[in-house]
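# Reading the structure
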Amino acid sequence: MIRLQRCADCGAAQYPPREVCGACLSDRLASDSADSLPARVLARTRLHHSNEPRFRARLPLTVGLVQFDAGPVAVCFLAETAAQGDAVQVRIGADDLLEAA
Amino acid sequence: MPQRLGGAARLRGHARAETVVTAHSYDGVALCCPVTEPYVRRSEHGAAWFLARALRRLLNAGNLTKPDIDGLCVSSFTLHPDTAVGFTQYVGMSPRVLEWLPMGGACGVIALRRAARAVQAGDAEIVACIAGDTANETSFRALLADFSSFSRDAVYPYGAGGPNASFALIADAYMRATGATREDFGTIAVAQRANARRNPLALLRNEMTMAQYLAARPIAEPLHLFDCVMPCAGADGFLVMPEARARARNLPFLRVLGAIERHNAFPDDPVQLRGGWAMDRDALWGQAGIGPRDVRLVETYDDYPVISMLQFEGLGFCAPGDGPGFVRRHDFTIEGSLPHNTGGGQLSVGQAGAAGGYLGLVEAMRQLLGEAEGRQVANARHALVSGFGMINYDRGLCTSAAVLGRA
């Protein structure tokens with residue numbers, strides 16, 4: 001599940017989650033409570049192969065690299081129509097197949 | 001947020017990278033005895049078997065006994081749960097220097113750096129550097145599913161595409177940024193296949209035309225089958241010792257003119273369009289006393305052709321973003337304008353796990369030592385070898401490079 005963390009000391013946003021802030025090393029971190037967050041598509045791929053059987057029936061899958069407006073970068077499932085450069089909303093906390101649409 | 005991100009960048013300290021103290025030279029260090037335990041598609045042997053076979057080949061090549069080797073550098077993914085520590089007991093050795101270098105595709109040059117410094121300092125006299133892995137149905141998937149905590153939590157759940165998916169995203173961004181085409185990637189892959197046809201150690205030696213390359217099935221678009229390395233089992237190794245010792249033993253050797261490594265370079269780049277080589281290339285060429293134009297033999301880390309292009313750019317063979325133009329201006333075959341990945345690279349030889357980080361180094365050694373037989377590049381006096389490893393999350397974190405010269 002995608003969850004953005006924010007540092008209570010320096011304000012930096014980060015993802016993937018960790019126990020300390022990667023910028024200032026504080027451990028005062030909070031999860032962002034928004035349901036979705038704005039981001040931009042940096043790159044996309046269509047997967048025709050998966051290493052896990054649970055994904056194979058759903059191939060091809062569209063996966064993207066997106067950058068949140070807050071800074072961090074995430075890998076997520078992408079709507080098939082989303083193209084490089086598009087503004088998208090990334091669903092936070094969801095783990096179904098469409099986290100960015 | 002931009003101001004805060006800037007503050008984070010200062011805390012991480014990359015602004016200071018240009019002012020680091022100049023590294024000492026590698027004078028007096030000899031690099032010798034490239035060995036390979038031949039790659040196979042699959043094996044029932046464990047990683048320790050492949051590493052031990054490479055070690056045995058080093059003993060034979062150097063006319064050494066185990067006690068002669070007092071330093072050991074080891075890299076492997078499938079040796080788990082063991083490390084270099086357990087391997088010493090496995091093979092009955094008592095080295096006084098031991099390095100475990102889990103840096104994937106960057107590990108060859110990094111092992112060379114560690115070994116060379118140990119030799120110069122007198123901490124060890126003869127260092128054996130080995131990397132190897134096994135491959136079977138379960139090993140590859142297990143490795144991918146638990147490759148790193150970030151990958152396990154934030155990449156693998158999104159389709160489990162493994163490195164193909166991560167590099168597809170990098171390739172997609174690179175193509176948009178630079179205008180690189182599938183034909184440009186194909187130029188690298190097709191030339192390497194031609195080189196591999198002259199290398200008996202390569203697993204893929206069938207002829208491959210550009211049309212065949214382009215017609216391959218998609219794996220993770222824009223990547224297709226022949227953009228992706230084939231996982232396999234195998235091991236590579238080499239020895240590092242004082243020049244005087246190599247002379248006394250009549251071992252042909254090479255010199256290390258310069259070497260660099262960098263980890264987690266440019267962390268604020270949103271997508272990896274450059275690697276750590278761009279931070280350190282001036283130090284590399286400055287230490288070597290030559291430049292990219294003086295090198296007519298290049299061995300890059302080619303887990304995917306796009307990564308070779310990042311190395312051409314990052315190491316100064318062409319300007320940033322000019323990777324596609326550079327590829328169009330050159331012929332990378334043995335007799336071409338710039339012989340590149342002369343044994344076929346991982347794309348045609350296979351990727352034996354961590355040994356992929358040694359493949360270019362042992363190939364450069366064979367070329368400069370005149371041991372490349374049917375694929376010998378004429379008159380190469382220097383070689384550039386570079387490495388790239390560890391997609392911890394969205395990018396490769398480890399980069400390395402070395403300039404080697406004939407003694």
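Before going into details, it helps to say that this report is about the structure given with it. Model, not experiment: these values are computed from the prediction. (Residues numbered from 1 in each chain as written. Chains lettered and ligands numbered in written order. Predicted model: local features only at pLDDT ≥ 70, side-chain atom pairs only at ≥ 80, totals over all residues. Heavy atoms only, no water.)

## Some thoughts on helix α4 (residues 107-121) of chain B
Residues and elements named next belong to chain B. Over its 15 residues, α4 extends 21 Å from the first C-alpha to the last, a length consistent with the 21 Å expected when each residue adds 1.5 Å. In terms of residue burial, α4 counts as a mostly covered element, since eleven of its 15 residues are buried. Listed in full, the buried residues belonging to α4 are C107, G108, V109, I110, A111, L112, R113, A115, A116, A118 and V119. Phi for G122, located one or two positions after α4, is positive at around 80 degrees. (Helix = DSSP H or I, 4+ residues; strand = E, 2+ residues; numbered from the N terminus. Expected span 1.5 Å × (residues − 1). Buried < 20%, exposed > 50% of the residue type's maximum accessible area, 1.4 Å probe, protein only.)

## Points about the nonpolar core
Core analysis: the biggest nonpolar cluster contains 86 residues, and I2(A), V66(A), F68(A), F185(B), F312(B), F317(B) and L384(B) have the highest contact counts within it. The next biggest cluster of nonpolar side chains, apart from the first, holds 42 residues, and it includes V127(B), C129(B), F238(B) and C398(B). (Core = buried A, V, L, I, M, F, W, Y, C linked by side-chain atoms within 4.5 Å.)

## A closer look at the interface of chain B and chain A
Contacts between the two partners involve 34 residues from chain B and, on the opposite side, 42 residues from chain A. Interface area for chain B against chain A, summed over the two sides, is near 3,100 Å², with a carbon-plus-sulfur share of 59%. Its salt-bridge partner being E221(B), residue R46(A) comes within 3.9 Å of it at the nearest N-O pair. Where chain B packs against chain A, one counts twelve residue pairs in polar contact (both at pLDDT 80 or more). For the side of chain B that touches chain A, the secondary-structure elements that each account for two or more residues are α1 (2-12), α5 (137-145), α6 (149-154), α7 (163-178) and β5 (218-221) of chain B. The dominant element in the side of chain B that touches chain A, judged by the number of residues it contributes, is α7(B), at six residues. When grouped by side-chain class, the residues that make up the side of chain B that touches chain A number 24 nonpolar, three polar and seven charged. Here strand β4 (residues 36-47) of chain A pairs with β5(B) via two bridges, running antiparallel. (Contact = heavy atoms within 4.5 Å. Buried area = accessible area lost by both parts, 1.4 Å probe. Salt bridge = Lys/Arg side-chain N within 4 Å of Asp/Glu carboxyl O. Polar contact = N/O pair within 3.5 Å; in protein donor to acceptor, adjacent residues only side chain to side chain. Nonpolar A, V, L, I, M, F, W, Y, C, P; charged D, E, K, R; others polar. Pairing = 2+ DSSP bridges.)

## Here's the deal with the pairing of strand β3 (residues 97-100) of chain B
All names here are of chain B. With four bridges connecting them, strand β2 (residues 71-75) and β3 associate as parallel partners. Bridge pairing in β3 links C73 to E99. Handedness of the crossover is the feature at issue here: the chain leaves β2, passes through helix α3 (residues 84-90), returns alongside β3, and the resulting connection is right-handed. (Right-handed = clockwise from strand over helix to strand, strands pointing away.)

## Here we look at the side chain of D302(B)
All names here are of chain B. Tracing the sequence through the fold places D302 in the loop between β9 (298-299) and α12 (305-314). R193 is the oppositely charged side chain nearest to the buried, salt-bridge-free D302, at an N-O distance of 9.7 Å. Within polar-contact distance, the side chain of D302 engages the backbone nitrogen of L347 at 3.1 Å. (Lys, Arg positive; Asp, Glu negative; His and termini not counted.)

## Details of the packing of helix α8 (residues 182-196) of chain B against α12(B)
All names here are of chain B. Between α8 and α12, the shortest axis-to-axis distance is 9 Å and the interhelical angle comes to 90 degrees. Comparing the axis directions of α8 and α12 gives the class roughly perpendicular. For the pair α8 and α12, the contacting residues are D184, F185 and I188 in the first and P305, V306, S308, M309 and F312 in the second. (Axes fitted to C-alpha atoms, helices over the stretch in contact; angles between N-to-C directions. Parallel < 35°, antiparallel > 145°, perpendicular 65-115°, else oblique.)

## Overview of the sheet that holds strand β3 (residues 29-31) of chain A
Residue and element names in this part refer to chain A. The strand order β2-β1-β3 describes an open sheet built from three strands, whose pairing is antiparallel. The open sheet has two free edges, formed respectively by β2 (13-14) and β3, since each of these has just one partner strand. Relative to β2, strand β1 (residues 5-7) runs antiparallel, the two sharing two bridges. If you follow R6 over to β2, its bridge partner there is A13.

## Focus: the pattern of salt bridges
Under the defined criterion, the tally for this structure stands at 26 salt bridges over all chains. Here R249(B) and D68(B) are joined by a salt bridge, their closest N and O atoms 4.0 Å apart. With R249(B) in the loop between α10 (243-248) and β8 (253-263) and D68(B) in the loop between α2 (47-62) and β2, this residue pair connects regions lying 181 residues apart in the sequence. Its relative accessible area of 27% is what places R249(B) among the partly exposed residues. In this structure D68(B) comes out as partly exposed when scored by relative accessible area, which is 27%. Of the charged contacts in the structure, one is a salt bridge between D184(B) and R328(B), with a shortest N-O distance of 2.6 Å. You can see D184(B) sitting in helix α8 and its partner R328(B) sitting in helix α13 (residues 323-329), a full 144 residues away along the chain. A single network of salt bridges, built from pairs that share partners, joins R46(A), E80(A) and E221(B).

## A look at the packing of aromatic side chains
Residues and elements named next belong to chain B. For the coordinates displayed, the defined rule picks out 16 aromatic pairs over all chains. Both rings, one in F167 and one in F388, keep their centres 6.2 Å apart while their planes meet at 65 degrees; by these two values the pair is edge-to-face. One end of the pair, F167, is in helix α7; the other, F388, is in strand β10 (residues 382-391), and 221 residues separate them in sequence. The pair F167 / F388 is uniform in exposure class, with both members buried. Summarising the aromatic geometry, the rings of W285 and F317 are spaced 6.0 Å apart at their centres and angled 80 degrees between planes, so their arrangement reads as edge-to-face. Here W285, found in helix α11 (residues 277-288), pairs with F317, found in the loop between α12 and α13; they are 32 residues apart in sequence, far enough to count as distant. (Phe/Tyr/Trp six-rings, centres within 6.5 Å; stacked < 30°, edge-to-face > 60°.)

Nothing here speaks to function; it is all geometry.
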